[in-house]
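# Coordinates in review
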Amino acid sequence: MHGPFRATRLADNVYWVGAIDWGIRNFHGYETSRGTTYNAYLVLADKITLVDTVKAPFAEEMLSRIASVIAPEKIDYIVSNHAEMDHSGALPRTIEAVKPEKVFASVMGTKALLSHFDLGLEVTPVQNGESLSLGNMNLSFIHTPMLHWPDSMVSYLVEEEILFSQDAFGMHLASTERFNDEICRDILVDEAARYYANILLPLSPLVAKLLESLPTLGLSLKIVAPDHGPIWRSGFQEVLSWYSTWAAQKFTMKAVVVYDTMWNSTELMARAACDGLVKGGVSVSVMPLQSSHRSDVATAVMQAGALIVGSPTINNGVFPSVADVMTYLKGLKPKNLVGAAFGSFGWSGEAVGHLNELLKSMRVELVTDGVKANYVPDAAALDQCFSLGQVIAERLKERC
Ligand code: FEO
């Protein structure tokens with residue numbers, strides 16, 4: 001007997017048996033405003049194989065979807081492409097229900113799984129390039145260390161030309177539709193960009209290497225099945241071109257003005273800087289932190305050529321929300337940015353200096369020492385902010 005959940009067929013003898021998390025809104029600091037899915041895949045080869053599992057609370061949903069196709073205890077092998085707990089959390093419960101003959105993971109994955117769980121069985125490590133015979137089908141493994149953890153690997157089902165790509169090419173998007181061609185393209189681009197910016201951006205050099213090496217592997221890709229969001233059964237070349245653009249982060253004529261404000265003085269300065277940028281031909285995203293989430297700021301910065309940050313001085317330092325977003329951005333290692341800082345102050349005015357240091361530590365090219373305004377910006381201070389915007393625009397024109 002299976003429960004209320006059903007599997008979705010991807011190809012002959014291959015099924016999606018994952019789970020939909022409609023409610024999640026915080027994925028370690030990244031606002032997942034459309035929820036997510038944890039994708040697991042069932043391959044009905046001679047050796048019946050489950051590729052990845054789901055987050056622990058969704059174990060029964062996954063087992064129910066499996067049971068809509070076959071009795072779970074018929075599964076012979078489990079392959080863990082990635083040990084992070086959104087994909088391995090249900091592994092102990094799955095092993096208990098399935099009693100598989102073997103569990104496979106990369107060498108680092110084996111270590112990571114055993115550090116997380118007492119699985120009650122040995123995990124068999126697989127090497128990069130190794131193939132596993134499933135009887136009438138074959139699964140090949142390609143290690144992709146640091147995409148997204150040191151253990152990460154992808155699995156390729158040779159006969160069906162399906163790449164199980166774990167975190168790569170995924171997105172946080174809960175939906176009743178399982179395939180990319182059933183979902184509005186604008187949503188796909190938006191969520192894929194947010195996912196890249198918030199998860200993969202610091203790993204861009206490795207993404208670029210992977211993209212370079214993909215053609216040399218000679219894989220024919222009929223379907224790319226990630227561990228989050230829709231399954232790509234068409235248009236995958238376009239996804240590769242998105243990734244290539246995001247990994248390169250070339251200068252663009254776009255700017256992000258991100259700030260917080262206490263008594264609207266820093267906000268006035270942000271508006272003046274924005275006008276200067278626009279006058280210089282730059283497309284601007286103005287992101288007040290009282291209504292902009294850090295993960296949206298990260299997504300905008302990834303696609304921009306300039307980062308302009310504003311903060312009032314509070315307690316001799318930077319406003320807490322601005323410190324938060326700068327810490328987050330620094331960790332994501334955006335590159336190829338010019339920038340500047342601005343902010344109002346009452347009696348000490350350290351925030352702009354702190355922001356300059358932060359921007360320099362992020363290798364943002366500073367175009368000025370920044371603009372400070374005492375209490376409320378007067379016309380001269382607002383002119384300085386406008387000019388700052390224009391100087392940034394000129395620098396972007398030189399770099400683009
Ligand atoms: Fe979806 Fe790195 O886990």
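Quick notes on the rules
- The residue numbering used here restarts from 1 in each chain and proceeds along that chain's sequence as written.
- This being a predicted model, a pLDDT of at least 70 is required before a residue's local features are given, and a value of 80 or more before pairs of side-chain atoms are given or counted; all residues contribute to the totals for chains, interfaces and linings.
- Only heavy atoms go into the side-chain values, all of them from the structure, while hydrogens and water stay out.
- Secondary structure elements follow DSSP: runs of H or I no shorter than four residues count as helices, runs of E no shorter than two count as strands, and numbering proceeds from the N terminus.
- Classification of residues uses two cut-offs on accessible area relative to the type maximum, computed with a 1.4 Å probe and protein chains only: under 20% is buried, over 50% is exposed, and between them is partly exposed.
- We call two residues in contact whenever any of their non-hydrogen atoms come within 4.5 Å of each other.
- Counted as a polar contact is a pair of N or O atoms within 3.5 Å, where, for protein atoms, one must be capable of donating a hydrogen and the other of accepting one, and residues adjacent in sequence contribute only when both atoms are in side chains.
- Where each domain begins and ends follows an automated or database-derived domain assignment.
- By buried area we mean the combined loss of accessible area, with a 1.4 Å probe, across both parts when two parts are placed together.
- Within this document, salt bridges are pairs made up of a side-chain nitrogen of Lys or Arg and a carboxyl oxygen of Asp or Glu, the two lying within 4 Å of each other.

## What to know about the environment of valine 325
Relative to the assigned elements, valine 325 resides in helix H10 (residues 320–332). Take valine 325: its relative accessible area is 0%, and that puts it in the buried class. Each C-alpha atom, one on valine 325 and one on valine 297, is 7.9 Å from the other, the two residues being 28 residues apart in sequence. Residues in contact with valine 325, not counting those within four places in the same chain, are Val258, Leu289, Arg294 and Val297.

## Examining the side chain of serine 175
Its place among the elements puts serine 175 in the loop between strand S15 (162–166) and helix H5 (185–200). Classification of serine 175 as buried rests on a relative accessible area of 8%. Of the polar contacts made by the side chain of serine 175, one reaches the backbone oxygen of glutamate 177; its length is 2.7 Å.

## Describing the domain arrangement of the chain
A common way to express how large an interface is: the accessible area buried when the components associate. Along its sequence, the chain is organised into domain 1 (8–248) and domain 2 (254–394). Placing the centre of domain 1 and that of domain 2 at their C-alpha centroids yields a distance of 38 Å. With 13 residues of domain 1 at the contact, the number on the domain 2 side is 15 residues. A buried area of about 1200 Å², summed over both sides, lies between domain 1 and domain 2, and 54% of it is on carbon and sulfur atoms. It is Asn198, Leu201 and Pro202 in domain 1 that bury the most area against domain 2; as a group they hold 36% of the surface buried on that side. Run the count over domain 1 and domain 2 and you get one salt bridge. At the boundary of domain 1 and domain 2, one finds seven residue pairs in polar contact (both at pLDDT 80 or more). Those elements that place two or more of their residues in the side of domain 1 that touches domain 2 are strand S5 (30–31), H5 and helix H7 (236–248).

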